[in-house]
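These are the residues of each chain, in order.
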Amino acid sequence: MSPKSVGTIMKHRHERVVILKTGLRVHGAEAVTIARLSTTKPADSVPCVEAPTWYDGYWVRLDQVSTVKSTELISAWTGPGKLPAEPLASAIARLDEEDGEG
């Protein structure tokens, strides 16, 4: 199984996602927080972070964040493998802000 670290791009239910948090547990199993990645720009009303990479332009969809068991993720087997540090940090910061408001 491939390592699951923050920023890694993987697939969950046939959708490309990025891992935003690790070290979680769901029903006793290892879990991670993920956000869906989109290659098309969402509407202006959708909370997202633009994440350009050498492979493609992505948007981290902060309206589609969930915590799933690590075993539900599979390797994407395509580039870029990980998100760049700056947009990843921005997405995590915005997610933490939203968690603080709830």
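Look up a bit, the structure's there.
Caption draft 1: Structural context of the overall build of the protein. For the protein, the helix and strand inventory stands at one helix and six strands. N-terminal to C-terminal, the α/β element order of the protein is β-β-β-β-β-β-α. At 13 Å, the protein has a C-alpha radius of gyration in line with the 13 Å of a compact globule built from 102 residues. The dimensions of the protein, computed from C-alpha atoms along their principal axes, are 40 × 35 × 25 Å. The proportion of buried residues among the 102 residues of the protein is 39%. Total accessible area on the protein is roughly 5,900 Å²; 51% of this is exposed by carbon and sulfur atoms. One finds the centroid of the 12 positive side-chain charges in the protein at a distance of 8 Å from the centroid of its 13 negative side-chain charges.

Caption draft 2: Fine view of the side chain of T8. Within the secondary structure, T8 sits in the segment before β1 (9-12). A polar atom in the side chain of T8 sits 2.9 Å from the backbone oxygen of S5.

Caption draft 3: Molecular detail of the nonpolar core. Among the nonpolar cores identified, the biggest contains 15 residues, and V18, L20, L37, V60, L83 and A91 are the most heavily contacted of them. For this core, the secondary-structure elements that each account for two or more residues are β2 (15-26), β3 (29-38), β4 (48-52), β5 (57-69) and α1 (85-101). Residues M10, I19, V32 and I34 belong to the second largest nonpolar core, which totals seven residues.

Caption draft 4: Quick peek at the packing of aromatic side chains. Evaluated as defined, the whole model comprises one aromatic pair. Centroid distance W54 to Y55: 5.6 Å. Interplanar angle 80°. Geometry classified as edge-to-face. Among the residues examined, W54 registers a relative accessible area of 69% and is labelled exposed. The partly exposed category is assigned to Y55, whose relative accessible area is 41%.

Conventions adopted
- Residues numbered from 1 in each chain as written.
- Predicted model: local features only at pLDDT ≥ 70, side-chain atom pairs only at ≥ 80, totals over all residues.
- Heavy atoms only, no water.
- Helix = DSSP H or I, 4+ residues; strand = E, 2+ residues; numbered from the N terminus.
- Rg over C-alpha atoms; globule rule 2.2 N^0.38 Å.
- Buried < 20%, exposed > 50% of the residue type's maximum accessible area, 1.4 Å probe, protein only.
- Areas by Shrake-Rupley, 256 points an atom, 1.4 Å probe, with all protein chains shown as cover.
- Lys, Arg positive; Asp, Glu negative; His and termini not counted.
- Charge placed at Lys NZ, Arg CZ, Asp CG, Glu CD.
- Polar contact = N/O pair within 3.5 Å; in protein donor to acceptor, adjacent residues only side chain to side chain.
- Core = buried A, V, L, I, M, F, W, Y, C linked by side-chain atoms within 4.5 Å.
- Phe/Tyr/Trp six-rings, centres within 6.5 Å; stacked < 30°, edge-to-face > 60°.

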